[in-house]
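The lines below spell out each chain.
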Amino acid sequence: MTLPTTADVVIIGGGIAGLAAARELTARGAGRIVVLERDYPGAGATGRNVARIRRMQLTEELCRVAMACQDKYERMGGELRSNVLFYRLGYAWILYEPDEVERMRDIVAMHARLGIHSALLSPQQTLEHLPVFEGGEPVAGSVLSDDAIVHHDAVVWAHLDHLARAPGRQVTVHPHTTVTGIERDDGGVRAVTTDRGHIETPIVLNATDGWSSQINAMAGVRMPNRPRRREVLVTAPIRRTIEAAVTFYRPSEGWFNQTLRGEVVMGAVDPDEPVGVDQRSSWAFLRRTATLVTRKAPALRDVTVIRQWGGMYDISPDHLPIVGPTGQLDGWWQAVGWSGRGMLLAPYLMELLAEHLVTDTAPPMLRQFLPDRFAPDDEDAGAREADYYARYAAGSPQAG
Amino acid sequence: MVARRLPEGTASTAQPARRVRFTFDGRAFEGIEGEPLAVSLLAADRLILSRSFRFHRPRGLMCDTGQCGWCECEVDGRPSVRSCQVPVHEGLAARSEHAWPSVDRDLFGWLDLGSPAIPPTFYHHRFLRPRQLRKAYLDVIRGFGGRGRLPVGRPSSTPSRVARELEVDVLVVGGGRSGVAAGEEAAAGGASVALIEAVAGRMRPVRPGIRVLDGAVAVGWYEGVVTAIDEATLWTIRAGMVVAATGTYERVPTVRGADRPGVMGARRVLDTIRHQRVLPGGRALLVGDASDLAEVSDALTGEGATVLGPVPTAALRRVLGRRRVTGAVVEVDGSTRREAVDLIVLGDRTPNLDLVRAAGAAVEERDGQLVPVLDEAGRTTVPNVRVVGSAARGRRGAAVPDGPDARALVCFCEDVHVDELRAQVADGYGDPELVKRRTGALTGPCQGKYCLAAFSATLAAAGAPVVTAPTGRPPLRPIRLGDLVASEERPEP
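Residues numbered from 1 in each chain as written. Chains lettered and ligands numbered in written order. Predicted model: local features only at pLDDT ≥ 70, side-chain atom pairs only at ≥ 80, totals over all residues. Heavy atoms only, no water.

On to the overall build of chain B, then. Each helix and strand in chain B was counted, giving 9 helices and 31 strands. Oriented by its inertia axes, the alpha-carbon framework of chain B measures out at about 65 × 60 × 55 Å. The burial tally for chain B puts 59% of its 493 residues in the buried class. Long-range contacts, defined here as pairs at least 24 residues apart, represent 63% of the contacts in chain B between residues at least 6 apart. Split by element, the accessible area of chain B, about 19600 Å² in all, is 51% carbon and sulfur. (Helix = DSSP H or I, 4+ residues; strand = E, 2+ residues; numbered from the N terminus. Buried < 20%, exposed > 50% of the residue type's maximum accessible area, 1.4 Å probe, protein only. Contact = heavy atoms within 4.5 Å. Areas by Shrake-Rupley, 256 points an atom, 1.4 Å probe, with all protein chains shown as cover.)

The helix and strand tally for chain A stands at 8 helices and 19 strands. Taken over the C-alpha trace, chain A has a radius of gyration of 21 Å; the compact-globule value for 400 residues is 21 Å, and the two agree within 12%. Projected onto its principal axes, the C-alpha positions of chain A cover 65 × 45 × 40 Å. Here chain A holds 400 residues, and 65% of them are scored as buried. Summing over all exposed atoms, chain A offers an accessible surface of approximately 13600 Å²; the carbon and sulfur share of this is 51%. Placing the 42 positive and 49 negative side-chain charges of chain A at their respective mean positions leaves the two points 4 Å apart. (Rg over C-alpha atoms; globule rule 2.2 N^0.38 Å. Lys, Arg positive; Asp, Glu negative; His and termini not counted. Charge placed at Lys NZ, Arg CZ, Asp CG, Glu CD.)

Glancing now at the interface of chain B and chain A. Much of the literature gives interface size as the accessible area that the parts lose upon coming together. Contact with chain B, which involves 62 residues of that partner, is made by 59 residues of chain A. Buried area between chain B and chain A, summed over both chains or domains, comes out near 5600 Å², and the portion from carbon and sulfur atoms is 58%. Considering only the surface of chain B that becomes buried against chain A, Arg 142, Leu 150 and Leu 481 of chain B emerge as the three largest contributors, covering 15% of it. At the boundary of chain B and chain A, one finds 6 salt bridges. Between Glu 243 of chain A and Arg 142 of chain B there is a salt bridge, with its nearest N and O atoms 3.2 Å apart. Between chain B and chain A we count 29 residue pairs in polar contact (both at pLDDT 80 or more) in total. Of all elements in the fold, only strand S7 (78-82), helix H2 (134-144), strand S12 (217-222), strand S13 (225-229), strand S14 (233-244), helix H8 (432-439), strand S30 (479-480) and strand S31 (486-490) of chain B reach the threshold of two or more residues within the side of chain B that touches chain A. Looking at which element gives the most residues to the side of chain B that touches chain A, the answer is H2 of chain B, with 7 residues. Counted by class, the side of chain B that touches chain A contains 28 nonpolar, 15 polar and 19 charged residues. Relative to S30 of chain B, strand S17 (residues 304-315) of chain A runs antiparallel, the two being bridged by 2 bridges. Paired with Val 305 of chain A across the bridge in S30 of chain B is Ile 479 of chain B. (Buried area = accessible area lost by both parts, 1.4 Å probe. Salt bridge = Lys/Arg side-chain N within 4 Å of Asp/Glu carboxyl O. Polar contact = N/O pair within 3.5 Å; in protein donor to acceptor, adjacent residues only side chain to side chain. Nonpolar A, V, L, I, M, F, W, Y, C, P; charged D, E, K, R; others polar. Pairing = 2+ DSSP bridges.)

Judged by nonpolar contacts, the single largest core of 86 residues is most densely connected at Ile 11, Tyr 73, Trp 93, Trp 338, Leu 349 and Met 350 of chain A. Contacts of Trp 93 of chain A, omitting those with residues within four sequence positions, involve Arg 54, Met 56, Gln 57, Leu 58, Met 104, Ile 107, His 111, Gly 141, Ser 142, Val 143, Thr 247 and Tyr 249 of chain A. With 46 residues, the next largest nonpolar core counts Leu 308, Val 311, Val 319 and Ala 328 of chain B among its residues. (Core = buried A, V, L, I, M, F, W, Y, C linked by side-chain atoms within 4.5 Å.)

Bringing the pairing of strand S14 (residues 245-248) of chain A into the picture now. Residue and element names in this part refer to chain A. Because side chains alternate across S14, one face comprises the buried residues Ala 245 and Thr 247, and the other comprises Val 246 and Phe 248, equally buried. Here 4 bridges tie strand S4 (residues 91-95) to S14, and the two strands are oriented parallel to one another. Residue pairing across strands places Tyr 91 opposite Ala 245, the latter belonging to S14. Relative to strand S15 (residues 254-258), S14 runs antiparallel, the two sharing 3 bridges.

Let us now look at the sheet that holds strand S19 (residues 306-311) of chain B. All names here are of chain B. Spatial ordering of the open sheet is given by S16-S23-S18-S19, a layout of 4 strands whose pairing is parallel. Edge strands, defined here as strands with exactly one partner in the open sheet, are strand S16 (263-265) and S19. For this sheet the average axis-to-axis angle between neighbouring strands, irrespective of direction, equals 25 degrees. When strand S18 (residues 283-287) meets strand S23 (residues 343-346), the two strands line up parallel, connected through 4 bridges. Its bridge partner lying in S23, Val 287 is registered against Leu 346. Taken strand by strand, helix H4 (residues 266-274) contacts S16 and S23, and its axis lies near 85 degrees from that of S16. Across the face of the sheet, helix H5 (residues 290-302) comes into contact with S18, S19 and S23 while running at roughly 170 degrees to S18. (Axes fitted to C-alpha atoms, helices over the stretch in contact; angles between N-to-C directions.)

Below, the discussion takes up the pattern of salt bridges. This structure, assessed with the given rule, holds 66 salt bridges over all chains. One salt bridge in this structure joins Arg 28 of chain A and Glu 24 of chain A, with 2.9 Å as the shortest N-O distance. Relative accessible area serves as the criterion here: at 26%, Arg 28 of chain A is assigned to the partly exposed category. As a salt-bridge pair, Arg 46 of chain B and Asp 104 of chain B come within 4.0 Å of each other at their nearest N and O atoms. With Arg 46 of chain B in the loop between helix H1 (37-43) and strand S4 (50-51) and Asp 104 of chain B in the loop between strand S8 (93-95) and H2, this residue pair connects regions lying 58 residues apart in the sequence. A single network of salt bridges, built from pairs that share partners, joins Arg 23, Glu 24, Arg 28, Lys 72, Arg 75, Glu 79, Glu 351 and Glu 355 of chain A.

So, about the confidence of the model for chain A. For chain A, per-residue confidence averages 94 on the pLDDT scale, and residues scoring 70 or more make up 95% of the total. Here residues 393-400 of chain A is modelled with pLDDT under 50, and outside its nearest four sequence neighbours on either side it reaches 12 contacts, counting other chains as well. (pLDDT = per-residue confidence, 0-100.)

Our next topic: the sheet that holds strand S12 (residues 204-206) of chain A. Adjacent strands of a sheet form backbone hydrogen bonds with each other and so pair up, either parallel or antiparallel. All names here are of chain A. Spatially, S8-S2-S1-S12-S19-S18 is the arrangement adopted by the 6 strands of the open sheet, whose pairing is mixed. The open sheet has two edge strands with one neighbour each: strand S8 (171-174) and strand S18 (322-326). Pairwise comparison of adjacent strand axes, ignoring direction, gives a mean angle of 15 degrees for this sheet. Across 3 bridges, the pairing between strand S1 (residues 9-12) and S12 is parallel. From the neighbouring strand, Ile 11 faces S12, where its bridge partner is Leu 205.

A few words on the packing of aromatic side chains. Residues and elements named next belong to chain B. This structure, assessed with the given rule, holds 11 aromatic pairs over all chains. Their ring planes at 75 degrees and their centres at 5.9 Å tell us that Phe 122 and Phe 127 sit as a pair that is edge-to-face. The partly exposed category is assigned to Phe 127, whose relative accessible area is 25%. Each ring, one from Phe 127 and one from Tyr 137, has its centre 5.4 Å from the other, and the planes form 50 degrees; the classification is tilted. Of this pair, Phe 127 sits in the loop between S8 and H2 while Tyr 137 sits in helix H2; the two residues are 10 residues apart in sequence, bridging distant segments of the chain. (Phe/Tyr/Trp six-rings, centres within 6.5 Å; stacked < 30°, edge-to-face > 60°.)

Looking at where Asn 206 of chain A falls in the secondary structure, it is placed in strand S12. For Asn 206 of chain A, the side chain forms a polar contact with the side chain of Asn 216 of chain A, separated by 2.9 Å.

In this section: the pairing of strand S16 (residues 264-268) of chain A. Residue and element names in this part refer to chain A. Counting buried positions along S16 yields 5 of 5 residues, so the element is predominantly enclosed. Residue alternation in S16 divides its side chains into two sets, Val 264, Met 266 and Ala 268 and Val 265 and Gly 267, and both sets are buried. Sheet analysis places strand S13 (residues 226-235) next to S16, joined by 2 bridges and oriented antiparallel. Across the sheet, the residue bridging to Val 234 is Val 265, located in S16. One ladder, built from 5 bridges, connects S15 with S16; its direction is antiparallel. In the strand pairing of S16, Asn 257 is matched with Val 265. A loop of 5 residues connects S15 with S16, the two strands running antiparallel in sequence, and Gly 262 in this loop sits at a positive phi of about 105 degrees.

Pasting the structure below:
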């Protein structure tokens, strides 16, 4: 497909953020939308995550946003006429230390207040619901919710199929198209140059997550979000066994769940993962994950690893996404810094972003995510990832 | 005529064979201690060992490398074990997986008849109405998933391994003739050399000075570091130059029925006759080049089997039989004929590209095969990786015949058919990375070892816009999670 020479909005990045933004802008008649993707649609974090769609969060603010986001997913199949395999698998935080359990009492109470179905389980109840942990490191309890998973690729195709049906070719998606530069003047953004041509546009949306710092740099925009690698492995399918997507944070963060096909996806986070664009697979990850996960759930010793891959979390200093326009450059919009929550948050937040772009007013729920909450010279997210819970400590300014 | 055990020949081992009893799906069988479980079952004419993931197609012993995965069953409580790699022992208890009521007569096998109506994208626009039933639909789909049972609550033991590092000038992966020659040449030039061979006890002696890791399986390539696992060790090997002498895999032709029990690679057939003294069939059709098949032809006729062919691979149009091979349709000089056979022997082999692809080296299509791109010195596009021997060129045979049957399988792990790949191109999703994700082709347990060439050729023929092999991902072979756990780190002295 030839590249248009002009557009009303150019979206850089054909992942969930870019595609959802294209959908929402088209629905609001925002003019001619062009989506540029360096590789194939969903080649970045969108195609590399495990698509857990969880309302159960650690802060009330985030819970409220996540509730709207999960509702958006629940409606998505009907709205886009494509099945995204939204499935309430259940979600569990497995707790190992008494302080975690104490902390969770308040959080479960907060969930109940908001209408999120979560429960604090005793060690015995945890093993009854999740016998995969039998014989492993003794658990102190768990928090179990009715949260969901979707199929990340199905979400991409649902959006692509939907965009292809848009009347009058109002939106086009261009894979294998690399952005090489951004043209700007005093008035703001003027054009995007690519390896396949030049597009004049008054508005650009940077939706490139892990690569967003590079794209921002092309436009002379500075943001404090930085990418860090995360890795995943997947096993050969086993019979339905694990009735929740599980995550634990002690002694370090790890997680696993079964897909609808029965494969187990899992990972163990390296708290010292350096900052940088990196999607490579590592041997250290396989060994770290095997060691941590089999210690917790010894039955998983017998699953067979068949594939591994790496992707990126684009992490902002407050671990909240950066969504909206910036005072640094007129016409330069961002949907980046998803901090590992892009799959959950992007479809709904892109609805809010489109609303903002079309009406020129930020919807209230979007305000906490606006880019200008950071100053251009704010420190980047290069510091070591601290204890997971510490980011959400009560009264912390980071609690968003 | 069926598969049967042969009288002991001179080729058998010096030690007297000890008969052992084991069970498969609760029934008692007898085998020879130490022979592969799949061969013991073959000797009892039990050909169906597993069912394919999506359509429950019957599968049996096929390859000689342990990598096709068609013989997977539960062995002594461990799920999805490749029974061609398990030595049979007294009291062994095996169960088939993913079949009901039995692997031989699996009711879900009828799904295969409906396969044209269940493409890999079957759910994309379905199961949305009525809204209240959405979860129930997915619960049904989830019920069809999975294979093995996880032994929850009674974890099996895995050997405790030591993590060790090794640094050498040259690492040779594969201890066949070309690998040994490459290793000896490097060592003669003064280089420090390590050689890893996956199958313990198979290598001929090599000259002193070469560090041989016999029984170590190369499982990964990570930025120039090769990792390998053996019974006692997790190896991390740094080498200035890596020589891939990794040989070949059987090339299963893209024709209907090519995965039926009774279709076997020539080397597996030779091995069962010579080493395990089991004749896999009484009337065999040889498929491939005559020079590759002469040895297996002699071995079969020597044991009294009737041998037809060889016919060129392109002449094989279809394999007949629902639960096992009963015949083949062969086209020679424009005329088609049916042959009644119970064994089809495949001679063609395709390069093992696992290490080459994991290293990110380029591959190209040549004479219908996917081969590594090499310069005159045998170097790949990754400068410190060389390929030697049959891994560089394979052994004959175009990946896909001209005008292939639309309902022939390309990917066996995920039961993906030729027309399903074509449909992706027609629907505008022809990028190989998208075809892979939409159809599941290349994503099953073999990770493309048995279908990459046919996958690429089918997409190219269908006019896909970008024709590259999708990214190869580690590990190179399936690994039990427990096998990755080391109890101790020991730096190399």
